[in-house]
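These are the residues of each chain, in order.
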Amino acid sequence: MAELITEVDKNDNVLGLREREEFYSGKHIHRAAQLILLNPENKMLIQKRAPQKRWFPGRYTYSVSGTVANESYEACMAREMLEEIGISVPFQKLFKIPCIIENKGAFHMVFSGLCSEKTASLIRPDPEEAVSVEWVELEELHRAVKTEPEKYTPSLREGIIKIFHEGCEKYIF
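Quantities reported herein were computed from a predicted structural model and do not represent experimental measurements.

Student: Would you take a moment to explain the environment of Phe 95 for this structure?
Tutor: On the secondary structure map, Phe 95 appears in strand β7 (residues 91–101). Considering only alpha carbons, one finds Phe 95 and Gly 159, 64 residues apart in sequence, at a separation of 8.6 Å.

Quick look at the structure:
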């Protein structure tokens, strides 16, 4: 059975469900959920996307990144966290980033979560999603997305720049 993804218009109003494959045409807008996962040292977990991924293979992105099926952004995040890194932590909604060019792309809802050292040791990335994960200082990541933007997904770049532009303390636990 084909995976169905929520299609939205340029104002993020739900139009219905479409098969995932239809979004690869670049003619539709979907929803996505992203997680800024921090450890007790205030480092953020990022993943390097697997080479077989259709969108931005081999680039660094959030620790968890998923397309919204017939569910809310929050339900998507809870499901994707378990599937992609094998843990579940409380999370909160931060902001939405529209990454839409010529009526294609996605609305990305960015969440933040905090994990303990013990929970961090339980993280097991899904090899179909990521070839590696690493903890990075937020300031270091902010510099990197500006100096080497081609290494990062557009939504990660925009999210990190937004955090620093508006002030980290507003978004970080």
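Student: How should the nonpolar core be read in this particular structure?
Tutor: Nonpolar side chains in soluble globular proteins tend to end up buried together. Grouped together as the largest cluster of nonpolar side chains are 21 residues, with contacts concentrated most on Leu 35, Leu 37, Met 77, Met 81, Ile 85, Ile 87 and Phe 111. If you list the elements that add at least two residues to this core, you get β3 (29–38), α2 (73–85) and β8 (104–114). With sequence-adjacent residues up to four places away left out, Met 77 is seen in contact with Ala 33, Gln 34, Leu 35, Val 64, Phe 91 and Phe 111. Among the nonpolar cores identified, the runner-up in size contains 20 residues, and Leu 38, Val 110, Val 145 and Ile 163 belong to it.

Student: What is the right way to look at a negative patch on the surface in this model?
Tutor: A contiguous patch of negative charge on the surface is contributed by Glu 134, Glu 137, Glu 139 and Glu 140. Mapped onto the negative patch, the elements with two or more residues apiece are β9 (130–137) and α4 (138–147).

Student: Honestly, the pairing of strand β1 (residues 4–8) in this entry has me stumped. Any pointers?
Tutor: Most of β1 is tucked away: four of the five residues are buried. In terms of strand pairing, β1 meets strand β2 (residues 14–19) through five bridges, oriented antiparallel. Note that in β2 the partner of Leu 4 across the bridge is Glu 19. The loop that links β1 with its antiparallel partner β2 comprises five residues; one of these, Asp 12, has a positive phi angle of about 70 degrees. Pairing analysis gives two bridges linking β1 to β3, with the strands arranged antiparallel. Looking at β3, one finds that Val 8 is bridged to Ile 29.

Student: Could you clarify how one ought to interpret the pattern of salt bridges in this entry?
Tutor: Pairs can form between side chains of opposite charge once their charged atoms are near each other. Overall, the coordinates contain eleven salt bridges when judged by the stated rule. A salt bridge links Asp 12 to Arg 31; its shortest N-O distance comes to 2.8 Å. Taken together, the residues span a long stretch of sequence, with Asp 12 in the loop between β1 and β2 and Arg 31 in strand β3 at a distance of 19 residues. Residue Asp 12 is classed as buried on the basis of its relative accessible area, which comes to 8%. Residue Arg 31 is classed as buried on the basis of its relative accessible area, which comes to 14%. Measuring nitrogen to oxygen at the nearest pair gives 3.0 Å for the salt bridge that ties Glu 80 to Arg 79. A relative accessible area of 7% places Glu 80 in the buried class.

Rules used throughout
Residues numbered from 1 in each chain as written. Predicted model: local features only at pLDDT ≥ 70, side-chain atom pairs only at ≥ 80, totals over all residues. Heavy atoms only, no water. Helix = DSSP H or I, 4+ residues; strand = E, 2+ residues; numbered from the N terminus. Core = buried A, V, L, I, M, F, W, Y, C linked by side-chain atoms within 4.5 Å. Buried < 20%, exposed > 50% of the residue type's maximum accessible area, 1.4 Å probe, protein only. Contact = heavy atoms within 4.5 Å. Patch = residues over 30% accessible without salt bridge, like charges linked within 9 Å, V, L, I, M, F, W, Y side chains within 5 Å. Areas by Shrake-Rupley, 256 points an atom, 1.4 Å probe, with all protein chains shown as cover. Salt bridge = Lys/Arg side-chain N within 4 Å of Asp/Glu carboxyl O. Lys, Arg positive; Asp, Glu negative; His and termini not counted. Charge placed at Lys NZ, Arg CZ, Asp CG, Glu CD. Pairing = 2+ DSSP bridges.

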